[in-house]
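Tertiary structure, described
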Amino acid sequence: MKALIQRVAKASVEVQEKTIGQIDRGILVFLALEKGDGQKDLEFISRKIVNLRIFYDEQGKMNHSVKDISGEILVVSQFTLAADCRKGNRPSFDSAEEPSRAKALYHSTVERLKTEGLRVSHGEFAADMQVFLINDGPVTFLLDSRI
């Protein structure tokens, strides 16, 4: 499981010009599910998203998590993060999870994040989405449950 997380001042996601999810200060998560991902990966990624200290404290150090600041989380499915671009010029998506299983894991991850008491919004799995964000920093991290 891979998650590209970005610290944002605000973010939103639209499907067919309708806003379906939006947040203020917090984390935008682009989530990719890969073959073999399971509960262990879901728990690892969820814990990292909620507890990674990427927000500044009073001394200007990244010492606070999204949970510490009572921030918000927006989760957007993005299977392209599972791409292998090492050979040729066309990305290979062989490692991406089969859509029905990926959808279930995606929704389980959203539900797991909600158990942390934070406001969690999300996009629509497998939809053509437009994502808008004001990146705060920029601060961006790539999380991988297998590394």
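Here's what I pulled together on the structure shown here. Model, not experiment: these values are computed from the prediction. (Residues numbered from 1 in each chain as written. Predicted model: local features only at pLDDT ≥ 70, side-chain atom pairs only at ≥ 80, totals over all residues. Heavy atoms only, no water.)

**Considerations on the pairing of strand E1 (residues 2-15)**
We count it as follows: Note on exposure labels: buried denotes an accessible area under 20% of the residue type's maximum, exposed denotes more than 50%, and partly exposed covers the range between, all computed with a 1.4 Å probe on protein chains only. Secondary structure follows DSSP: runs of H or I at least 4 residues long count as helices, runs of E at least 2 residues long count as strands, and numbering of each begins at the N terminus. Only strands that DSSP links by at least two bridges are regarded as paired with each other.
Most of E1 is tucked away, with eleven of its 14 residues classed as buried. Judged from the seven bridges that link them, E1 and strand E3 (residues 26-32) form a sheet pairing that is antiparallel. Counterpart to Arg7 in the pairing with E3 is Ile27. Two strands pair when backbone bridges link them, and E1 and strand E8 (residues 129-144) are joined in this way by twelve bridges, in the antiparallel orientation. Each bridged residue has a counterpart across the sheet, and for Gln6 the counterpart in E8 is Thr140. Relative to strand E2 (residues 18-23), E1 runs antiparallel, the two sharing five bridges. Within E2, the position partnered with Val15 by the bridge is Lys18.

**Examining the side chain of Lys2**
Spelled out, the test is: Contact definition: two residues touch when any of their heavy atoms are within 4.5 Å.
Here Lys2 shows up in strand E1. When neighbours within four sequence positions are excluded, Lys2 is seen to be in contact with Phe30, Leu31, Ala32, Glu34, Leu81, Leu143 and Asp144.

**Digging into the nonpolar core**
Looking at soluble globular proteins, one finds that nonpolar side chains tend to be buried together. Our working definition: Take the buried Ala, Val, Leu, Ile, Met, Phe, Trp, Tyr and Cys residues and link them wherever side-chain atoms come within 4.5 Å; each set so joined is a nonpolar core.
Ranked by internal contacts, the top residues of the largest apolar core, which has 26 residues, are Ile5, Val29, Leu31, Ile49, Ile73 and Val75. Residue contributions to this core peak at five residues, all from helix H2 (residues 99-114).

**Quick word on the packing of aromatic side chains**
Quick reminder of the rule: Pairing of aromatic side chains here covers Phe, Tyr and the six-membered ring of Trp, requires ring centres within 6.5 Å, and sorts the geometry by plane angle: under 30 degrees stacked, over 60 edge-to-face, intermediate tilted.
In the structure shown here, the tally under the stated rule is two aromatic pairs. An angle of 55 degrees between the planes, with centres 4.9 Å apart, marks the rings of Phe79 and Phe93 as tilted. Highlighted residues: Phe79 in the loop between strand E6 (72-77) and H2 and Phe93 in the loop between E6 and H2, separated in sequence by 14 residues. Note on Phe79: relative accessible area 49%, which makes it partly exposed.

**A few points about the pattern of salt bridges**
Side chains that carry opposite charge are capable of pairing whenever their charged atoms lie near each other. Definition in use: We define a salt bridge as a side-chain nitrogen of Lys or Arg found within 4 Å of a carboxyl oxygen belonging to Asp or Glu.
Overall, the coordinates contain ten salt bridges when judged by the stated rule. A salt bridge links Glu111 to Lys114, with the nearest nitrogen and oxygen atoms 3.4 Å apart. On the criterion of helical spacing, the pair formed by Glu111 and Lys114 is a turn pair, its members being three residues apart in helix H2. Exposure remark for Lys114: the relative accessible area of 35% places this residue in the partly exposed category.

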